[in-house]
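Structure at a glance
One letter stands for each residue in the lines below.
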Amino acid sequence: MSVDAKTVRRIAHLARIAVTDDEVAPLQDELNAILSFVEQLNAVDVSGVEPMTSVTPMAMKSREDVITDGGHAREIVFNAPLTEDNYFVVPKVVE
């Protein structure tokens, strides 16, 4: 795949980058070099490679799912300026 000057200008416009006419040719060369590198990556045989999310093996740290003492709703809302049935009451902000 090759990028032409029109495509460079379109990419610059989509990226909100101001590109002068003198900058189009060097950018075109850089984009074509990037695309040729990606094409080289497509030639690599990865049929036996497992997908991975990190270069180092990692295990998720987890904690036991235990029941806490809870039941402190009255103490939690004690200092609130306005409460109702152990819930915080806040002014309506959306009509």
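What comes next concerns the included structure. A quick note: this is a predicted structure, and the numbers were derived from the prediction, not measured. Throughout, a residue's number is its position along its own chain's written sequence, starting from 1. Whole-chain, interface and lining totals are the exception, using all residues; otherwise, since this is a predicted model, local features are given only for residues with pLDDT of at least 70 and side-chain atom pairs are given and counted only at 80 or more. Side-chain metrics rest on all non-hydrogen atoms present in the structure, leaving aside hydrogens and water.

Some points on a nonpolar patch on the surface
Stated formally: Patch rule: a residue counts if its relative accessible area is over 30% and it has no salt bridge; like charges are joined within 9 Å, and nonpolar side chains (Val, Leu, Ile, Met, Phe, Trp, Tyr) within 5 Å. Throughout, the Shrake-Rupley method with a 1.4 Å probe supplies accessible areas, and for residues the shown protein chains are the sole cover considered. Only one rule defines a salt bridge in this text: a Lys or Arg side-chain nitrogen within 4 Å of an Asp or Glu carboxyl oxygen. Throughout, exposure labels follow a simple rule: accessible area from a 1.4 Å probe, protein chains only, divided by the maximum for the residue type, with under 20% read as buried, over 50% as exposed, and the rest as partly exposed.
Taken together, Ile34, Phe37, Val38, Leu41, Val44, Val46 and Val49 make up a surface patch of nonpolar side chains, about 650 Å² in accessible area. Residue classification places Val49 among the exposed positions, given a relative accessible area of 56%.

Observations concerning unusual backbone geometry
Heads up, the condition is: Secondary structure elements are defined from DSSP: runs of H or I of at least 4 residues count as helices, runs of E of at least 2 residues count as strands, and each element is numbered from the N terminus.
Even without being glycine, Arg16 reaches a positive phi, approximately 60 degrees. Turning to its location among the elements, Arg16 is positioned in the loop between α1 (5-14) and α2 (21-42). For Arg16, a relative accessible area of 68% corresponds to the exposed category. The phi dihedral of Asp85 falls on the positive side, at around 50 degrees, and the residue is not glycine. In this fold, Asp85 is placed in the loop between β1 (83-84) and β2 (87-88). Look at Asp85 and you get exposed, because its relative accessible area is 67%.

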